[in-house]
Amino acid sequence: MAAGFKTVEPMEYYRRFLKENCRPDGRELGEFRTTTVNIGSISTADGSALVKLGNTTVVCGVKAEFAAPPSDAPDKGYVVPNVDLPPLCSSRFRSGPPGEEAQVASQFIADVIENSQIIQKEDLCISSGKLAWVLYCDLICLDYDGNILDACTFALLAALKNVQLPEVTINEDTALAEVNLKKKSYLSIRTHPVATSFAVFDDTLLIVDPTGEEEHLATGTLTIVMDEEGRLCCLHKPGGSGLTGAKLQDCMSRAVTRHKEVKKLMDEVINSMKPK
Amino acid sequence: MEGPVRADAKVCSEGGTESSPRGPGCSLRHFACEQNLLSRPDGSASFLQAEKSRERLIRNTCEAVVLGALHPRTSITVVLQVVSDAGSLLACCLNAACMALVDAGVPMRALFCGVTCALDSDGTLVLDPTVKQEKEARAVLTFALDSVERKLLMSTTKGLYSDAELQQCLAAAQAASQHVFRFYRESLQRRYSKS
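Residues numbered from 1 in each chain as written. Chains lettered and ligands numbered in written order. Predicted model: local features only at pLDDT ≥ 70, side-chain atom pairs only at ≥ 80, totals over all residues. Heavy atoms only, no water.

So what's going on with the packing of helix α2 (residues 89-104) of chain B against helix α4 (residues 163-194) of chain B? Residues and values would help.
Residue and element names in this part refer to chain B. Axis separation between α2 and α4 bottoms out at 12 Å; the angle between their running directions is 35°. Regarding α2 and α4, the two cross each other, and that crossing is right-handed. In this structure, α2 contributes N95, C98, M99, V102 and D103 to the contact, and α4 contributes V180, Y184, S187, L188 and R191. Within the contact of α2 with α4, the residues separate by chemical class into six nonpolar, two polar and two charged. (Axes fitted to C-alpha atoms, helices over the stretch in contact; angles between N-to-C directions. Helix = DSSP H or I, 4+ residues; strand = E, 2+ residues; numbered from the N terminus. Left-handed = near helix turned anticlockwise from the far one by under 90°. Contact = heavy atoms within 4.5 Å. Nonpolar A, V, L, I, M, F, W, Y, C, P; charged D, E, K, R; others polar.)

Can you break down the UniProt feature "domain: Exoribonuclease phosphorolytic" (unreviewed entry) in chain A residue by residue, with the values?
All names here are of chain A. Following the UniProt record, one finds the feature "domain: Exoribonuclease phosphorolytic" (unreviewed entry) at residues 31-166 and 193-256. In residues 31-166, the share of helix is 24% and the share of strand is 37%. The end C-alpha atoms are 41 Å apart. Structurally, residues 193-256 is divided into 28% helix and 39% strand, and its ends, taken at the C-alpha atoms, are 11 Å apart. (UniProt positions renumbered as here; feature names shortened; annotations may be inferred.)

Before we move on, can you summarise the confidence of the model for chain B with the specific residues and values?
Residues and elements named next belong to chain B. Here chain B averages 80 in pLDDT, and 76% of its residues register 70 or above. Scored below 50 in pLDDT, residues 1-27 makes 54 contacts in the model with residues more than four places away or belonging to other chains. Under a pLDDT of 50 for its full length, residues 29-41 has, in the predicted model, 42 contacts with residues more than four places off or in other chains. The complex model carries a pTM of 0.85, and its ipTM stands at 0.85. (pLDDT = per-residue confidence, 0-100.)

Which residues make up the UniProt feature "domain: Exoribonuclease phosphorolytic" (unreviewed entry) in chain B, and what values go with them?
Residues and elements named next belong to chain B. Residues given the UniProt feature "domain: Exoribonuclease phosphorolytic" (unreviewed entry) here are residues 52-107 and 111-175. Taken end to end, residues 52-107 is 54% helix and 0% strand, and its two terminal C-alpha atoms sit 26 Å from one another. Note that residues 111-175 is 29% helix and 45% strand, and that its end C-alpha atoms are spaced 15 Å apart.

Could you give me a rundown of the interface of chain B and chain A, with the residues and numbers involved?
The interface of chain B with chain A comprises 36 residues on the first partner and 39 residues on the second. Surface buried jointly by chain B and chain A totals about 3,400 Å² across both partners, of which 53% is contributed by carbon and sulfur atoms. Per-residue buried area on chain B facing chain A is highest for Q49(B), R56(B) and L160(B); these three make up 18% of the total on that side. Our count for the chain B to chain A interface comes out at three salt bridges. Two residues, E100(A) and R56(B), come together in a salt bridge whose shortest N-O distance is 2.8 Å. Scanning the region where chain B abuts chain A turns up 12 residue pairs in polar contact (both at pLDDT 80 or more). Of all the secondary structure elements, the ones that give two or more residues to the side of chain B that touches chain A are α1 (43-65), β6 (152-159), β7 (161-162) and α4 of chain B. Considering each element in turn, the side of chain B that touches chain A owes the most residues, 12 residues, to α1(B). Residue classes in the side of chain B that touches chain A are distributed as 14 nonpolar, 13 polar and nine charged. In this structure, strand β12 (residues 231-236) of chain A lies alongside β7(B), joined through two bridges in antiparallel fashion. Bridge pairing links R231(A) to S162(B) in β7(B). (Buried area = accessible area lost by both parts, 1.4 Å probe. Salt bridge = Lys/Arg side-chain N within 4 Å of Asp/Glu carboxyl O. Polar contact = N/O pair within 3.5 Å; in protein donor to acceptor, adjacent residues only side chain to side chain. Pairing = 2+ DSSP bridges.)

Spelled out as structure tokens, the structure:
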């Protein structure tokens, strides 16, 4: 009976729950789904992480390669993110060139990397003007159940913390790069940007961490990316219903608490991996 | 180790939402492609992604205000052609889109306007920055505000800033939006009083 009502009037079905300040999966309006993270499981990548936010699953693999630095910035390397939403994660995506959602997500991740200065590009330079590292960050969604941006940002951060780069020296006689795979060092991660996404319902209600169905019914979305000092790297609101300044403030405070939760979880996982 | 191989090509194209200041009346765009031994080229991919991202922002803002339910099975196409870019491009695109929708007579629940704020390194706020100011700024924030209650419809930001600075920029943008809406009203009055 409830299933029938849900199919015919999905919005009304949801409103009944929202009136009681909860959601169909039993969560409160400000509650996140269970977050799990698995770091370093892909041995072929230089750094990897798998993040699950409820059902939404994103895996991030980072591969480091050599490249010549750009001519206008000879002492900088590259960080190239790419978000892939393959048909296996949801029936809404078809195979072929990346659709709009994937392109927007890739652009979002590129902006987060750029704005938050998570890695100083100068750290990736090996020899000014001649050789630098390029980090290819591939984010693949394995299961799409809403809130892809939060999962991708977390997976990227965890994977970058896991990346180990070998020591490279330029041999002066042959001018070739010599890689010492025995001596590896971690990247220096300057800030820890964490994303918190909200969905706007009926122009007034804000709910945190929307599932796929909730995103579909929402009249607007908002994503806030904050670092540990409370500075904002990104306030991404692509249209949708309007928000007042007061509502934005509530979102900010929720983003601050979320940042603490995520940082704690990630530090726990990384510490548990330490004794090798 | 070989250096990068450069391949340049001049492509003639029209339309699109990005222009390069290559000279008046010229729609030639310069494409450059660097090919290394190992890596795949990244320039053109990131160029298209930025366009798609801007398109989505403008489209979602329009969708929030247009009363689509009054015209089912209708497709509304908004084509934006950049004539010249002297800073605050996205805000200008939003203003143009709103005026075009009004001109077309599309029923809307509110008007919207775009405002850009730039924050420089010592925290000074500059509204409607030029290209030079945007490049030197620590953070650039673009907002779309509606005309009824000055609510925030769309926001996209670049750079790092604090929560307090965000509220400051939002307040300044809301004050500035009044001027933009007054301009809309005046230009529409002028247009309809002539005919």
